[in-house]
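Observations on the model geometry
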Amino acid sequence: MKILLTQFGNETNSFAVGKTTFETLVPKGWVKAEDVIRQFKGTATYLGGALRAIEEEGAEPLPVDLATRGGNFGAGPMMSKECASYVMDHITEDVKKHMGDFDGVFFAVHGAGCSEEDLDLERYSFKRMRAVIGDIPMVSSLDAHANLSQDMLNLSDGLYGIKTVPHIDCEEAGYRAAKTLIRHIRGEVNPKMYLKKIPLLIPATTGRTVSGPGKAIMEFAAACVKKYNLIDATFFFGFSAADCPCSSCSVLAVADGYVPKKEAEEIAAFVWQRRYEFSEPSLSVREAMDVALSKVKDGYVVINEASDNPGGGAPGDGTHLLREMIKRNIPGTIMGPLTDRVAVKYLFDNHKVGDVVDIEVGGKTDATGGEPMRLHNAEIINFSNGKLISAAPINFGAPMDYGNTVRLRQGNVELIIVSDRFQTYDDRPFIMTGCDMSQYKILGLKSMNHFRGYFGSRADAIVTADPPGQCPINLKLYQYKNIERPILPLDEVNSI
Ligand SMILES: [Zn+2]
């Protein structure tokens, strides 16, 4: 038995400036079919999990080219029509060449993609794939922030979401999807799905499963899987920055031989009881710094500038937190990575380690994130090529590439500037420029949740800063046009 493997997706922030093109989606281009197994076998990624299941079942993997970064998904503004059609043209051309040579398809997608072509990017991708493969069984793994649609279900033979935020079970979702696919092809199971949409938007900052309502819901869903002997059940937080008709949280249950409507509705009712618990205080950068300073013990306190999270589609070049850090000039402060390809290129082309420079950094994409920050007499501490192996649970062991990188110091504050836009998952972007993490007290970074998988057990405390940006805690700041109303917390909704 042969299972075809591919991946394409994006978490779309409809309110972010600009467009997602193929070049911004995957700055390093395609992962070529011949490199897939070597790069992803044994990694904590969707593909790593699918490869494990395929091997365990004695099947054979048949990879085609992938549009992925580090095995996971990027986030960014609305995807251009050209990007969506170019990627699916390329993938389906590859698939056509292999027709007759495989028995099933594993297609890792994100679930919260929007493109100019179709506000439901996954519906578009699945349609394109179906047009080639016909009724060959196809399954997908999905991110916990997926905005599911009934169309996605209708085009798929099985959707298997991750359960955790920060995402530490991508491998398991890939494994579950591929394993069930193989058993389905053999006729050992007959998976049927039921989707229950819930009229509730959850800010990405507050949808976590390490504590609070997210944790309780995850545990309740897992108990239902056991109690009703389901193949799978997932609570999807949805992605509230994607403005499309299917944006909301939801529950998807998968059962063997019957449609698990009652089971999905039971989990959804549990979610609905907790609908008001997904709220969090919104701290300015000044307030966040004050709280952070009060919590420093032996190590460092992390301040996450959540509203400028590249993982949520924000530009990652906002300067609000950096400006406050430079103003305070507290010994042992470091911030990074801030994305500024232009500044990095200038420093690489014109300077060497030890040079002292005046340069503007950040603030180049969107005024919401703050003006460019002018550094005076900043010393270049080190350069790096930006390549690292991830140490974070979300993509442990996978190669990542931030592009050329510079570490600067102005006064007591150090800053990491990178060329390619990624959120901060772990301390590797700091270490790759030679940082000794034990010398810092305050560590600023740009992420909402995924950094918690690594820093949660290492930081003295974590404090979320919510300055103006494209991933705000307060969802009423977004000008929604396409989502289905009424929906909480924008409208009153009394029942589901
Ligand atoms: Zn996610």
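Everything here concerns the structure above.
Everything numeric in this text was worked out from a predicted model, so none of it was measured.

A word on the nonpolar core. Membership of the largest hydrophobic core comes to 116 residues, with the highest contact counts inside it found for Phe-8, Phe-106 and Leu-148. If you tally residues by element for this core, the top one is helix α7 (residues 170-185), at seven residues. Two domains each put at least three residues into this core: domain 1 (2-277) and domain 2 (285-465). Leu-148 has contacts with Leu-142, Leu-153, Leu-159, Leu-195, Lys-197, Phe-236, Cys-246, Ser-250 and Leu-252, leaving out every residue within four places of it along the chain. Of all hydrophobic cores here, the second largest spans 33 residues; its members include Leu-338, Val-357, Met-373 and Ile-417.

Over the atoms rolls a probe the size of a water molecule, and in doing so it shows where empty space is left. Taken as a whole, the largest pocket encloses approximately 610 Å³ of empty space. Forming the walls of the largest pocket are 43 residues, and the residues nearest its centre are Thr-68, Arg-69, Gly-70, Asn-72 and Phe-422. Partitioned by chemical class, the residues of the lining of the largest pocket number 16 nonpolar, 16 polar and 11 charged. There are two domains that each give the lining of the largest pocket at least three residues, and those are domain 1 (2-277) and domain 2 (285-465). Here the second largest pocket is characterised by a volume of approximately 490 Å³. What lines the second largest pocket is a set of 23 residues, among which Thr-24, Pro-315, Thr-339, Thr-365 and Arg-421 lie closest to the centre. Every element with two or more residues in the lining of the second largest pocket is listed here: α1 (22-25) and α12 (341-350). Domain assignment of the residues forming the lining of the second largest pocket places at least three in each of domain 1 (2-277) and domain 2 (285-465).

Conventions we followed
Residues numbered from 1 in each chain as written. Predicted model: local features only at pLDDT ≥ 70, side-chain atom pairs only at ≥ 80, totals over all residues. Heavy atoms only, no water. Core = buried A, V, L, I, M, F, W, Y, C linked by side-chain atoms within 4.5 Å. Buried < 20%, exposed > 50% of the residue type's maximum accessible area, 1.4 Å probe, protein only. Helix = DSSP H or I, 4+ residues; strand = E, 2+ residues; numbered from the N terminus. Domains from an automatic or database assignment. Contact = heavy atoms within 4.5 Å. 1 Å grid on protein atoms, 1.4 Å probe; cavity = no way out; pocket = protein on both sides within 12 Å on 5 of 7 lines; lining within 4 Å. Points joined across faces, edges and corners; volume = space filled by probe spheres on them. Nonpolar A, V, L, I, M, F, W, Y, C, P; charged D, E, K, R; others polar.

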